[in-house]
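# Structural overview for review
Next come the chains, spelled out residue by residue.
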Amino acid sequence: MHASPGSAPSDSAPGPARRGLLTERFARELEREIRSGAIEVGAKLPSERELAARFGASRNVVREVLRRLEAQHLIEVAPGRGSFVREQSTGQARRYDALYRAGRPTVRQLIEARIPLEVEIAALAARRATDEDLAAMRSAQRTMEAATDVVVRAQADVEFHDAIAAGGGNPVLRIMLASISGLMFEMMLRSHSDPSIAEPGVPHHPEILAAIEAGDAELASSRMREHLTLGLRTYGADLDTPLDVMARHHIEALLAREGDARGTGAE
């Protein structure tokens with residue numbers, strides 16, 4: 001059942017998967033408004049109830065989003081007074097993520113950037129990864145395999161690739177990868193919820209991890225390259241769509257699909 005316009009849904013309404021998608025959609029929209037200046041520095045955000053009504057989300061989802069924006073130093077929460085947009089320093093305003101988004105990169109362009117970077121990272125990880133690094137890779141992989149929420153799976157996917165970068169032992173390469181992690185997350189939201197983005201026999205995380213564990217730099221590089229180039233064959237029309245547009249459309253489609261499924265189940 002959908003909430004009526006202008007009213008906040010019940011906190012118990014969304015299931016875990018739908019809640020994760022609602023949180024992601026809501027957070028992305030508010031972050032865009034703050035970074036673009038649509039909501040001015042010093043402005044007070046609407047109340048939790050008003051935000052819940054606007055986005056069709058529960059109060060719990062609203063609180064999650066506000067905590068996320070606070071952690072990003074985009075807002076300041078004043079107990080008893082509300083949430084206010086913070087002034088961004090020059091350094092923050094020019095974060096790599098903001099610069100990348102200004103260029104409206106496509107899926108194809110992200111893949112083209114990741115290939116040389118992560119192929120080298122995988123080779124270095126095969127040569128240098130410690131037991132602690134390998135444990136971090138395995139942990140991220142287990143989290144991804146166990147998760148039923150597409151947002152959690154995408155986050156774990158990013159963490160897996162970051163763990164490989166840490167294992168490569170080159171902090172410059174790890175920082176370079178981290179600078180595009182937001183774009184990677186948007187791509188992974190689609191990858192983990194679309195069964196068409198898969199091909200039998202293509203190396204994925206377990207195969208990449210096995211090559212790194214074996215210390216085989218050449219095999220690790222080869223498997224990482226094949227894993228990353230999969231998107232060039234499977235993303236179809238989305239390949240040349242800006243990442244933010246693709247992610248927004250896909251989140252909306254998933255929410256609509258879940259809403260339809262819940263409605264059918266309720267009949």
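About the criteria used
- Residues numbered from 1 in each chain as written.
- Predicted model: local features only at pLDDT ≥ 70, side-chain atom pairs only at ≥ 80, totals over all residues.
- Heavy atoms only, no water.
- Helix = DSSP H or I, 4+ residues; strand = E, 2+ residues; numbered from the N terminus.
- Buried < 20%, exposed > 50% of the residue type's maximum accessible area, 1.4 Å probe, protein only.
- Contact = heavy atoms within 4.5 Å.
- Areas by Shrake-Rupley, 256 points an atom, 1.4 Å probe, with all protein chains shown as cover.
- Pairing = 2+ DSSP bridges.
- Expected span 1.5 Å × (residues − 1).
- Polar contact = N/O pair within 3.5 Å; in protein donor to acceptor, adjacent residues only side chain to side chain.
- Core = buried A, V, L, I, M, F, W, Y, C linked by side-chain atoms within 4.5 Å.
- Salt bridge = Lys/Arg side-chain N within 4 Å of Asp/Glu carboxyl O.
- Lys, Arg positive; Asp, Glu negative; His and termini not counted.
- Arc of directions from axis to C-beta.

## Points about the overall build of the chain
- If you tally the helices and strands in the chain, you get 13 helices and two strands.
- Relative to its full complement of 267 residues, the chain shows a buried share of 43%.
- Taking the contacts inside the chain whose residues are at least 6 apart along the sequence as the reference set, 77% of them involve residues at least 24 apart.
- Of the roughly 13,500 Å² of accessible surface on the chain, a fraction of 52% belongs to carbon and sulfur atoms.

## Focus: the pairing of strand 1 (residues 75–78)
- Pairing geometry for strand 1 and strand 2 (residues 82–85), over four bridges, is antiparallel. Directly across from E76, in strand 2, lies its bridge partner F84.
- The hairpin turn running from strand 1 into strand 2, its antiparallel successor, is three residues long, and G80 in that turn takes a positive phi close to 85°.

## With respect to helix 8 (residues 150–167)
- For helix 8, built from 18 residues, the straight-helix expectation of 26 Å at 1.5 Å per residue is met to within 8% by its first-to-last C-alpha distance of 26 Å.
- Among the residues of helix 8, V150, V151, A154, A156, D157, V158, F160, H161, A163, I164, A165 and G167 are the ones counted as buried.
- For helix 8, the N-terminal capping position is held by D149, with its side-chain oxygen 2.8 Å away from the main-chain nitrogen of V151.

## Here we look at the nonpolar core
- Within the largest apolar cluster, 68 residues are counted, with the highest numbers of intra-cluster contacts made by F26, V107, M137, I164 and I212.
- Setting aside chain neighbours within four positions, we find I164 in contact with I121, A122, A125, M137, I208, I212 and M224.

## Looking at the pattern of salt bridges
- Evaluated as defined, the whole model comprises ten salt bridges.
- Of the charged contacts in the structure, one is a salt bridge between R59 and E48, with a shortest N-O distance of 3.3 Å. A residue pair is termed long-range when its members are at least 10 positions apart, and R59 in helix 3 (residues 59–71) and E48 in helix 2 (residues 48–55) qualify at eleven residues.
- Across the pair D162 and R174 runs a salt bridge, and its minimum N-O distance is 2.8 Å.

## Focus on the side chain of D133
- For D133, the location among the structural elements is in helix 7 (residues 131–146).
- Despite being buried, D133 has no salt bridge partner; R174 is the closest side chain of opposite charge, sitting 7.1 Å away.
- One polar contact links the side chain of D133 to the main-chain amide nitrogen of T130, over a distance of 3.0 Å.
- Excluding residues that lie within four positions of it along the chain, D133 makes contacts with R128, A166 and G167.

## A closer look at helix 11 (residues 205–213)
- The set of residues buried in helix 11 consists of H205, I208, L209, A211 and I212. Buried residues of helix 11 fall within an arc of 160° about the axis and therefore sit on the same side.
- Check the buried side of helix 11 and you find it contacts helix 6 (107–128), helix 7, helix 8 and helix 12 (217–234).

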